[in-house]
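# Report on the structure
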Amino acid sequence: QVQLVESGGGLVQPGGSLRLSCAVSGSIFSMFVMGWYRQAPGKQRELVATITNGGSTNYADSVKGRFTISRDNAKNTVFLQMNSLKPEDTAVYYCNANRVAYNLNYWGQGTQVTVSS
């Protein structure tokens, strides 16, 4: 059974930084495309960033230049470094593991990020 466990959320002032982590167990981490998504109250879940097993990254326009996704395949962990945070970044952030060819898609439980003064 694949499990994704996020950590690192919290309350931060505008302009501040947070680093989210997602630890994956129960499968071969390096085979998955890993991603971070977020869902704000009353809104649909949206893509924040993804990273392939080869390290290629993709970002939502709203976070380009402020957020950085990375992965450590030896530690089965994916990270999201968030800088210059804005109130509109407030959301529950979810970790995702996806392997399209095998129709595998897993989600973490989510971690709350609140940007407020």
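Our subject is the structure that appears above.
Remember, it's a predicted structure, so these values are computed and weren't measured experimentally. Residue numbers here run from 1 along each chain, matching the order of that chain's written sequence. Where totals are concerned, whole chains, interfaces and linings use all residues; where local detail is concerned, this predicted model gives features only for residues with pLDDT of at least 70, and gives and counts side-chain atom pairs only at 80 or more. With hydrogens and water stripped out, all remaining heavy atoms of the structure feed into the side-chain values.

## So, the state of the cysteines
In what follows, a disulfide is any cysteine sulfur pair within 2.5 Å. The full count for this structure, using the stated rule, is one disulfide. A disulfide bridge connects C22 with C95, and the sulfur atoms are separated by 2.1 Å. Where C22 bonds to C95 through sulfur, the torsion about that S-S bond is close to -85°, and the disulfide is left-handed. You can see C22 sitting in strand β3 (residues 18–25) and its partner C95 sitting in strand β9 (residues 91–99), a full 73 residues away along the chain. Throughout this description, buried means an accessible area under 20% of the type-specific maximum (1.4 Å probe, protein chains only), exposed means over 50%, and partly exposed covers the range between. By relative accessible area, which is 0% here, C22 ends up buried. Put simply, DSSP marks the helices as runs of H or I at least four residues long and the strands as runs of E at least two long, and each gets a number from the N terminus on.

## Details of the nonpolar core
If you look at the biggest cluster of nonpolar residues, it comprises 30 residues, and the most contacted ones within it are M34, W36, V78, L80, M82 and Y93. Secondary structure elements with two or more residues in this core: β3, β4 (33–39), β5 (46–51), β7 (67–72), β8 (77–82), β9 and β11 (111–115). Here, two residues are considered to be in contact whenever any of their heavy atoms come within 4.5 Å of each other. Apart from residues no more than four positions distant in its own chain, M82 is found in contact with G16, S17, L18, L20, R66, F67, Y93 and V113. The definition of a nonpolar core used throughout is a set of buried Ala, Val, Leu, Ile, Met, Phe, Trp, Tyr and Cys residues joined through side-chain atoms within 4.5 Å.

## With respect to the pattern of salt bridges
The salt bridge criterion pairs a side-chain nitrogen of Lys or Arg with a carboxyl oxygen of Asp or Glu, the two atoms within 4 Å. Applying the stated criterion to the full structure yields four salt bridges. Among the ionic pairs, K64 bridges to D61, the shortest N-O distance being 3.1 Å. A salt bridge links D89 to R66; the nearest nitrogen and oxygen atoms lie 2.7 Å apart. Taken as a pair, D89 in the loop between β8 and β9 and R66 in the loop between β6 (57–59) and β7 lie far apart in primary sequence, 23 residues in all. For D89, a relative accessible area of 1% gives the class buried.

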